[in-house]
Amino acid sequence: MSAVRRAGVCGWPVAHSRSPLIHGYWLARYRLEGAYERFAVPPLGFADFAASIGVDGLVGANVTVPHKEAAFAACDRLTDSARATGAVNTLWREGGALWGDNTDVAGFLASLDAEAPGWRERVDSAVVLGAGGVARAIVQGLVSRGVERIAIVNRTPARAVALAERFAPAVRAATWDDLPQLLAPAGLLVNATILGMAGQPPLDVNLAALRPEAVVADVVYVPLATALVEAAWRRGCVAIGGLGMLLRQAAPGFARWFGKTPEVTAELRALVEADLRAGEKGRT
Ligand SMILES: NC(=O)c1ccc[n+]([C@@H]2O[C@H](COP(=O)([O-])OP(=O)(O)OC[C@H]3O[C@@H](n4cnc5c(N)ncnc54)[C@H](OP(=O)(O)O)[C@@H]3O)[C@@H](O)[C@H]2O)c1
């Protein structure tokens, strides 16, 4: 191992990733000697990349699209969150074994805890829109906190059914037509689809049936306040965008690789918000 600890984000493509900004901020804030890089790794190169963890100062990595399932398969040991979701976004080596975690689970829960304090007491039932990788992490997080009734609504019904079967009996599959009946008693609505993201179709959900005491969370963070979040604010709900989750899912990896549990400060949030806004301007 070289003396300087190195980590990074591995994806294909990877240029868009905000992880270097987040980890770079923490390295500077805590005056740690270390580096966080971008690794553009095509699908066929992932096995070699995984094998390089633990060599030459590379202490671990974040994993993004399209490698999260390959990372799951490559690991010798998995955390409960990784096992439950079937996907890995954080890798490190320990005693020779390659370990994998899915920190989206903890990141989502930590963002709710921080930005919608007391949410759990208000939530008996939840509605999750989407059945992809992030929806799986969110459902795992809600189940781990004891939410007993979760309805999954997805464009492709078979994926909602598969997710519901994985987390039965707390979770069941439903349809978009069921939404008004599902929203009326729900304490939490989560958008875990790509809808509402810049460049994607809008998310068309009528919140008329939702109680103002309900909490709304959107995993989308471009734009920072989505149309769903703004509509929920207009109803008087506590509503949070996806940036808090993005920042908080990064913390467990940083703590493992660099030995310091980092804080999600207002300064870090402002830094990433500015970068996202600049990216949006570049897009239009
Ligand atoms: N805040 C964070 O920290 C964070 C972290 C990771 C990802 N994200 C965001 O989370 C979102 C989902 O990511 P993912 O990894 O779960 O993606 P994914 O596995 O590809 O799942 C995408 C989901 O969106 C649905 N969808 C896509 N196009 C649709 C359309 N035109 N109409 C209706 N539904 C549509 C898919 O439905 P089908 O099953 O029918 O295809 C699926 O449920 C993305 O916006 C991503 O940027 C946020």
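Here, the structure is the one placed above.
Definitions and limits used
Residues numbered from 1 in each chain as written. Predicted model: local features only at pLDDT ≥ 70, side-chain atom pairs only at ≥ 80, totals over all residues. Heavy atoms only, no water. Core = buried A, V, L, I, M, F, W, Y, C linked by side-chain atoms within 4.5 Å. Buried < 20%, exposed > 50% of the residue type's maximum accessible area, 1.4 Å probe, protein only. Helix = DSSP H or I, 4+ residues; strand = E, 2+ residues; numbered from the N terminus. Contact = heavy atoms within 4.5 Å. Arc of directions from axis to C-beta. Pairing = 2+ DSSP bridges. Axes fitted to C-alpha atoms, helices over the stretch in contact; angles between N-to-C directions.

A.B. asks: Explain the nonpolar core here, please?
C.D. replies: When a protein is soluble and globular, its nonpolar side chains tend to lie buried together. By size, the foremost hydrophobic cluster in this structure holds 32 residues, and its most contacted members are Phe-108, Leu-112, Trp-119, Val-128, Leu-142 and Ile-152. Listing elements by their share of this core, those giving two or more residues are α5 (103-115), β7 (125-129), α7 (133-144), β8 (149-153), α8 (157-166), β10 (188-191) and β11 (215-218). Top contributing element to this core by residue count: α7, with 5 residues. When near neighbours in sequence (up to four residues on either side) are disregarded, Leu-112 contacts Pro-117, Trp-119, Leu-188, Val-215, Ala-217 and Ile-240.

A.B. asks: Please explain unusual backbone geometry as it appears in this structure.
C.D. replies: Most peptide bonds take the trans form, and the phi angle of most residues other than glycine is negative. Residue Pro-13 is bonded to the preceding Trp-12 through a cis peptide linkage, with omega at 5 degrees. The topology assignment puts Pro-13 in the loop between β1 (5-11) and α1 (19-29). Cis geometry is found at the peptide bond from Val-222 to Pro-223, where omega equals 5 degrees. With respect to the element layout, Pro-223 can be found in the loop between β11 and α10 (227-235). The phi angle at Arg-31 is positive, at roughly 50 degrees, despite the residue not being glycine. Checked against the element boundaries, Arg-31 lands in the loop between α1 and β2 (34-40).

A.B. asks: What is the right way to read α8 from this model?
C.D. replies: Structural remark: α-helix, 3.6 residues per turn; residues separated by three or four positions point the same way. Of all the positions in α8, only Ala-160, Leu-163 and Ala-164 are classed as buried. Seen from one end, α8 has its buried residues packed into an arc of 100 degrees, which puts them on one side. Seen from the buried face of α8, the exposed residues on the opposite side, beyond 90 degrees, are Ala-158 and Glu-165. Tucked into the core, α8 has its buried residues touching α7, β8 and β9 (171-174).

A.B. asks: Would you take a moment to explain α1 for this structure?
C.D. replies: Considered for burial, the residues of α1 that qualify are Ser-19, Pro-20, Ile-22, His-23, Tyr-25, Trp-26 and Leu-27. Within two residues after α1, Arg-31 carries a phi angle of roughly 50 degrees, on the positive side.

A.B. asks: Help me understand the sheet that holds strand β4 (residues 77-78), please; the structure alone is not making it clear to me.
C.D. replies: Within a beta sheet, neighbouring strands are joined by backbone hydrogen bonds and run either parallel or antiparallel to one another. Judged by pairing direction, the sheet is mixed, and its 6 strands sit side by side in the order β2-β1-β3-β5-β6-β4 without closing on themselves. Looking at strand neighbours, the two that pair on one side only are β2 and β4, the edges of this open sheet. With respect to the sheet, α1 is in contact with β1, β2 and β3 (58-63), its orientation differing from that of β2 by roughly 170 degrees. This element, helix α12 (residues 251-258), spans β1, β2, β3 and β5 (90-94) of the sheet and lies at about 25 degrees to β5.

Read these as spatial facts, not as claims about activity.
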